[in-house]
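Structural description and commentary
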Amino acid sequence: MTPQETPADHRTQPRIRILLADDHALVRRGVRLILDREPDLEVVAEAGDGAEAIAMARTHDVDLAVLDIAMPRLTGLQAARELTALKPGLRILMLTMHDNEQYLFQALKAGAGGYVLKSVADRDLVAACRAAMRDEPFLYPGAVTALIRNYLDRVRHGEEAPEQLLTPREEEVLKLVAEGHSSKEIAELLFISVKTVQRHRENLLHKLGLRDRLELTRYAIRAGLVEP
């Protein structure tokens, strides 16, 4: 809350309707307690993974999505990209345990307006939600200066990472392959044909210079799509 804000200010405003996605039920419960005790915030939908978050966004009227980064089926980053396309007006926050520069920049590129660490969610999350609804970026205190300095140093030295190698659909297939799903299961989850799944797998192996499922799984772990 800024010095100009008072609890009465928030009571006079419509509640911010929030979609909360995290694959750990206890984390969702704790985050919900933080949010629901505020007069201007209300969790109206919960999801256990990125795919379920997208489904919830289709069936619920929400203003803000708070997404964990590491989730089954679709990561928070993948879900953020799809939600941005599905509902351009939806604000998105990433809630994560990862104090990680790579994840931060991926989150911003995916359409997130803020990045909040779970370790300080009780301190930062409410302010981040309100900032997101004002279209103001929110990054956890102490990180902004260091991250920008590091990013600019890499740009000056020509070390900035190239544009994303894989398409969003290829990332989805890669994640599901790494999680052990068969081509038939992947086809059913993504509503595509088995033949299309197989073509994506062949493209992945060719693009990444890899040989088999094991190497694809290792790459997915390094890329942060699945947890080791």
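None of the values given here were measured: they were computed from a predicted structure. (Residues numbered from 1 in each chain as written. Predicted model: local features only at pLDDT ≥ 70, side-chain atom pairs only at ≥ 80, totals over all residues. Heavy atoms only, no water.)

**Focus: the pattern of salt bridges**
Under the criterion given, the structure shown has 20 salt bridges. Residue Arg 28 is joined to Glu 46 by a salt bridge in which the shortest nitrogen-to-oxygen separation is 2.9 Å. Within this pair, whereas Arg 28 is found in helix α2 (residues 25–36), its partner Glu 46 is found in strand β2 (residues 41–47), the two being separated by 18 residues in sequence. A residue is classified by how much of its surface remains accessible, and Glu 46, at 25% relative accessible area, is partly exposed. (Salt bridge = Lys/Arg side-chain N within 4 Å of Asp/Glu carboxyl O. Helix = DSSP H or I, 4+ residues; strand = E, 2+ residues; numbered from the N terminus. Buried < 20%, exposed > 50% of the residue type's maximum accessible area, 1.4 Å probe, protein only.)

**Things to note about helix α8 (residues 168–178)**
Most of α8 sits out of view: 9 of its 11 residues are buried. Looking only at α8, the buried set comprises Glu 170, Glu 171, Glu 172, Val 173, Leu 174, Lys 175, Leu 176, Val 177 and Ala 178. Where α8 is buried, its residues touch α4 (76–86), α9 (183–190), α10 (194–208) and α11 (213–222). Note on α8: the residue one or two positions beyond its end, Gly 180, has a positive phi of about 95°. (Contact = heavy atoms within 4.5 Å.)

**Examining the nonpolar core**
Formed by 29 residues in total, the largest nonpolar core has its most connected members in Leu 19, Ala 65, Leu 67, Leu 83, Ile 92, Met 94 and Tyr 115. Secondary-structure elements contributing two or more residues to this core are β1 (16–21), β2, α3 (50–59), β3 (64–68), α4, β4 (91–96), α5 (101–109) and β5 (114–117). Ranked by the residues each element gives to this core, the list is headed by α4, at 4 residues. Ala 65 has contacts with Leu 19, Leu 83, Leu 90, Arg 91, Ile 92 and Leu 93, leaving out every residue within four places of it along the chain. Counting residues in hydrophobic clusters, the runner-up holds 21 residues, among them Ile 34, Leu 95, Ala 121 and Cys 129. (Core = buried A, V, L, I, M, F, W, Y, C linked by side-chain atoms within 4.5 Å.)

**Here's the deal with unusual backbone geometry**
Not every positive phi belongs to a glycine, and Arg 73 is a case in point at roughly 65°. Along the polypeptide, Arg 73 turns up in the loop between β3 and α4.

**Brief notes about the UniProt feature "modified residue: 4-aspartylphosphate" (unreviewed entry) in the protein chain**
Mapped onto this numbering, the UniProt entry gives "modified residue: 4-aspartylphosphate" (unreviewed entry) at Asp 68. Considering the arrangement of structural elements, one finds Asp 68 in strand β3. The exposure class assigned to Asp 68 is buried, which follows from its relative accessible area of 5%. Aside from chain neighbours lying at most four places away, what touches Asp 68 is Ala 21, Asp 22, Asp 23, Gly 76, Met 94, Leu 95, Thr 96 and Lys 118. (UniProt positions renumbered as here; feature names shortened; annotations may be inferred.)

**A word on the packing of α4 against α8**
Between α4 and α8, the least distance of the axes is 11 Å, while the angle of their chain directions is 145°. At the point where α4 passes α8, the crossing takes the left-handed sense. On α8, the residues touching Gln 78, Arg 81 and Glu 82 of α4 are Pro 168, Glu 171, Glu 172 and Lys 175. Classifying every residue of the contact of α4 with α8 gives 1 nonpolar, 1 polar and 5 charged. (Axes fitted to C-alpha atoms, helices over the stretch in contact; angles between N-to-C directions. Left-handed = near helix turned anticlockwise from the far one by under 90°. Nonpolar A, V, L, I, M, F, W, Y, C, P; charged D, E, K, R; others polar.)

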